[in-house]
Amino acid sequence: MEAVALDRLEALRKKIRTLQASPRTYLATLRTGIPAIDELMPTGGFPLGKVVELSGEAAAGRTTLALQAIAAATREKRLAAYVDGPGELYPPFAAGVGVDLDRLLMVRPKAPRRLVWTALQLARSGAFTCVALDLTHTGVQLSLPECQKLSDAAFKGGACILVLSPKAGVGAGRVRLEVCATAPRVLGLEVVRSGSGAGRKVSLPLAALYSRLSLPFPKPGESEIRNPSSAPFKRVKLHSLRDGRGIDGTRPGRDIALPALAGSLGL
Amino acid sequence: MRALYLHLPRFPIQRRVVETPSLAGKPIVLSEEKRNQRKVAFASTAALTAGVRAGMTVTAATALIPSLEEFPFRMEEERNALLSLGEALLSIAPAFQLSAPDGLWLDASAAALCRGEEGLGRRALETCAGLGYRAQAALASQLFTARAVARDGAVGVKVVGSTEGASALSPLPLGNQGFGGSQLNVLRSWGLSTLGEVAALPPGAVVARMGLEGLRIHRLSRGEDDALLVPTAPAEAFEEHLALDWPAESLEPLLFALKTILDRLCARLAGRNRAAVRLSLVLRLSDGGQQRVELVLSQPSTRAKLLLDLAKNRISDLALSAPVAELRIQVEESCEDRGHQQVLGEMPQQHDALDVVLSRLSSALGAESLFAAEVDCVHRPERAYHPKPFRPPTPERGILKGTTEAQALQGPAESLERPARFFARPAPLKMEWSGQGGAVCVRLLGQRRKALVVTGPERLCGDWWEEVAYSRDYYRVHFEGLGPAWIYRDERDGQFYLQGLFD
């Protein structure tokens, strides 16, 4: 009995020594997990303590990029916030990207004038590692003093502020990325402004952005929407999307006909 | 059984000064109505020095000190305050018994956990000092002995051994021991002034002259007390209130009063090993109205400073119609306090910062504007998640790290084909069809866009048992000059709608 207790004590001591000897890890950047995008940034990812502006078209991939950064923060057990100006962020998608929803605070202010103030408060508090400020469809344009305040708040709180703005937005951050879907299956990123590395561009398959989601990107013309008044629906690829399961699939042992019992029962 | 008696000299006066620090050092009295006369029940040190005594009429006391301030003495309030103190002391003792209005007994059976009986006494005094009270403590094997020694013979902490009761009581005066007035007069008429002198009398002679009451006094004087500690049941609800003597018109006096009751509330929570999760603060106004403020914590806490910061953020923006006359705070939801083990390099102020910023935002934007989302196993896209209060999980620390099962971060399978931006009100789309019936163009975001790639359909239908049944065919369409969009055809009207964007 005593020997067992001593062994357990020794094991605990060993664990304590290991913990004390292990180097402390400090988070300096938020990596998206997509090497091509991370390499674009001089710091190898979205830098903490800075403002990064992600500008681009309506469905260019800005939100997914921001969510990748938020997922990186929540993976490190940090907190993140999403100031959702248009109120359009879809949490099931964020969960699919890898965001821990328990660590993501969603803020949807009713008044657009409160958006920047909210992001400032969150970043300045020091409690959040990543704060996304979504100004899409809100009509809010950052003024220069507001940009300066955001930079100061990010520096003070050690947070990375991601400003999602439409293409015509005013540059807020020291790092600005232009995102655009150049072709149906190609995503283009360009560092417009940065401490170093401005003007770097990268084009990568759109599927790379959604690699975790494994979205299939078919070739043009593979399937079509038919006019319901002219022709019946053509069901394409539904079965493969369900991985061979579901009501369309036949599951061995369950969906085959059962043998008749009449003979065994003597009927 | 060993018991500790905690004596708080003139506790009602101490409590009044703690609640209103501007009264410190001033002559004040607490009066009660007796035979249609207001008589002094308790007096401050300044009043006692000037000659005011308990039992004196307030008129006579005012004649001695014209600047004397008088407040009503309410036994129920003092009892409640003592009850709060007793609950706060439950962190060091398993049970307590009230001895209103100025003391309480603690069960000292767990003194070994406080480094002995003297350590227990010191911890009790420290807890009192933390709440602003001055106290004296004595430990003995009999309740009477502990109380008598704490009231008259103790400075700080005094420990009376199990066989030293009689000797410890011997020099103590007869008065102030809770004996009846008639018995006390009889003993004094015999020329007795201390408990030791009573103990020296032959018991038979005392019984012959004073009856059973005399025998009881004699036994108590000899350190023989059979009374057992009867634990006082703590209050079910964690609630504190404070009536302000002068209605508060500005934030500063209000915050001070709030700090007083929060200190008391948090001490009670700590004593019961509970932590507050949600509180409600009610400000009663002098015009009869009231204002209610909800305080929601992201993580359970018992720290008064944090709660005060949260309350400050919430009430500083309030526009009140009249001064505040009374404060009432109640813990609406509490949980077990599991403590907080910090590691090297950890900054505890970060935890406070989260609650403070959430409180500030909640006050400015409304509590419904801040939430965390939880995904539901529902096929209907607009019901696939619901908001919940933002309470991030407590991080694992030190040696416990990695002991619990890691949570799966990957979302449910249903999220694979869902857009990043979801429109609560889907925009109708005007489709243009080719000669063969295929979709070619659509008017979207003010432009005519060509559909380049189409995936689908994914048929979702259900809720047929409700009035809002749905049946939709979803497609992911990559439009020209735009990223992928999520559109659907509603089976009910045959129209196409834009549901979201894969931004």
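Residues numbered from 1 in each chain as written. Chains lettered and ligands numbered in written order. Predicted model: local features only at pLDDT ≥ 70, side-chain atom pairs only at ≥ 80, totals over all residues. Heavy atoms only, no water.

Enquirer: Explanation requested: the pairing of strand E6 (residues 103-107) of chain B in the structure shown.
Expert: When a strand is regular, its side chains alternate between the sheet's two faces. Residue and element names in this part refer to chain B. Of all the 5 residues making up E6, 5 are buried; the element is thus mostly covered by neighbouring parts of the structure. Side-chain alternation along E6 places Gly103, Trp105 and Asp107 on one buried face and Leu104 and Leu106 on a second face that is also buried. As judged from the 5 bridges shared by strand E1 (residues 3-7) and E6, these two strands associate in the antiparallel manner. What sits directly across from Tyr5, in E6, is Trp105. Sheet analysis places strand E5 (residues 96-99) next to E6, joined by 4 bridges and oriented antiparallel. (Buried < 20%, exposed > 50% of the residue type's maximum accessible area, 1.4 Å probe, protein only. Helix = DSSP H or I, 4+ residues; strand = E, 2+ residues; numbered from the N terminus. Pairing = 2+ DSSP bridges.)

Enquirer: What's the story with the side chain of Asn313 of chain B in this structure? I'm lost.
Expert: Within the element layout of this structure, Asn313 of chain B appears in helix H12 (residues 304-315). Those residues in contact with Asn313 of chain B that sit more than four places away from it in its chain are Val356, Ser359, Arg360 and Ser363 of chain B. (Contact = heavy atoms within 4.5 Å.)

Enquirer: Sorry if this is basic, but what is going on with helix H6 (residues 144-157) of chain A here?
Expert: Note on helix geometry: an α-helix contains 3.6 residues per turn, so any two residues three or four positions apart are oriented the same way. Residues and elements named next belong to chain A. For H6, spanning 14 residues, the distance from its first C-alpha to its last is 20 Å, which sits close to the expected 20 Å at 1.5 Å a residue. The inward-facing, buried residues of H6 contact strand E3 (51-56), helix H5 (114-125), strand E6 (130-134) and strand E7 (160-166). Directly beyond the C-terminal end of H6, a positive phi value near 65° is found at Gly158. (Expected span 1.5 Å × (residues − 1).)

Enquirer: It is not clear to me how unusual backbone geometry should be interpreted in this structure. Could you clarify?
Expert: Glycine aside, residues mostly have negative phi, and peptide bonds are mostly found in the trans state. Cis geometry marks the peptide bond from Ala100 of chain B to Pro101 of chain B, where omega comes out at 10°. Mapping Pro101 of chain B onto the fold places it in the loop between E5 and E6. Here the phi dihedral of Lys77 of chain A falls at roughly 65°; this positive angle occurs in a residue that is not glycine. Within the element layout of this structure, Lys77 of chain A appears in the loop between helix H3 (62-75) and strand E4 (80-84). Given a relative accessible area of 55%, Lys77 of chain A falls into the exposed group. Of note in this structure, Arg10 of chain B is not a glycine but carries a positive phi near 45°.

Enquirer: What is the right way to read the sheet that holds strand E3 (residues 37-43) of chain B from this model?
Expert: Strand pairs in the sheet, formed through backbone hydrogen bonds, run parallel or antiparallel to each other. All names here are of chain B. The strand order across the open sheet built from 3 strands is E3-E2-E4, with neighbouring strands paired in mixed fashion. The open sheet has two edge strands with one neighbour each: E3 and strand E4 (69-72). Each strand of the sheet is rotated relative to its neighbour by a mean of 45°, with strand direction disregarded. Sheet topology note: the strand E2 (residues 28-34)/E4 ladder contains 4 bridges and is parallel. (Axes fitted to C-alpha atoms, helices over the stretch in contact; angles between N-to-C directions.)

Enquirer: Help me understand the pattern of salt bridges in this model?
Expert: Note on pairing: side chains with opposite charge can pair once their charged atoms come close. All names here are of chain B. For the structure shown, the criterion picks out 44 salt bridges over all chains. Glu78 is paired through a salt bridge with Arg15; the nearest N and O atoms lie 3.0 Å apart. In this pair, Glu78 sits in helix H4 (residues 75-88) while Arg15 sits in helix H1 (residues 11-19), placing the two residues 63 residues apart along the sequence. Taken as a pair, Glu78 and Arg15 share a single burial class, namely buried. Taking the shortest distance from any N to any O, the salt bridge between Asp263 and Lys259 comes out at 2.9 Å. Of this pair, Asp263 and Lys259 both sit in helix H11 (residues 251-271), 4 residues apart, roughly one helical turn. Exposure remark for Asp263: the relative accessible area of 23% places this residue in the partly exposed category. (Salt bridge = Lys/Arg side-chain N within 4 Å of Asp/Glu carboxyl O.)

Enquirer: Before we go on, may I ask you to explain the environment of Val51 of chain A in this structure?
Expert: Residue and element names in this part refer to chain A. Considering the arrangement of structural elements, one finds Val51 in strand E3. The class for Val51 is buried, based on a relative accessible area of 2%. Considered as a pair, Val51 and Ala132 are 81 residues apart in the sequence and their alpha carbons are 9.8 Å apart.

Enquirer: Can you help me understand the packing of H1 of chain B against H4 of chain B in this one?
Expert: Geometry of a packed helix pair, given as the angle between the helix axes and the separation of the axes. Residues and elements named next belong to chain B. Between H1 and H4, the least distance of the axes is 11 Å, while the angle of their chain directions is 80°. Considering the angle they form, H1 stands roughly perpendicular to H4. Taking contact as the criterion, the partners of Phe11, Pro12 and Arg15 in H1 are, on H4, Glu77, Glu78, Ala81 and Leu82. (Parallel < 35°, antiparallel > 145°, perpendicular 65-115°, else oblique.)

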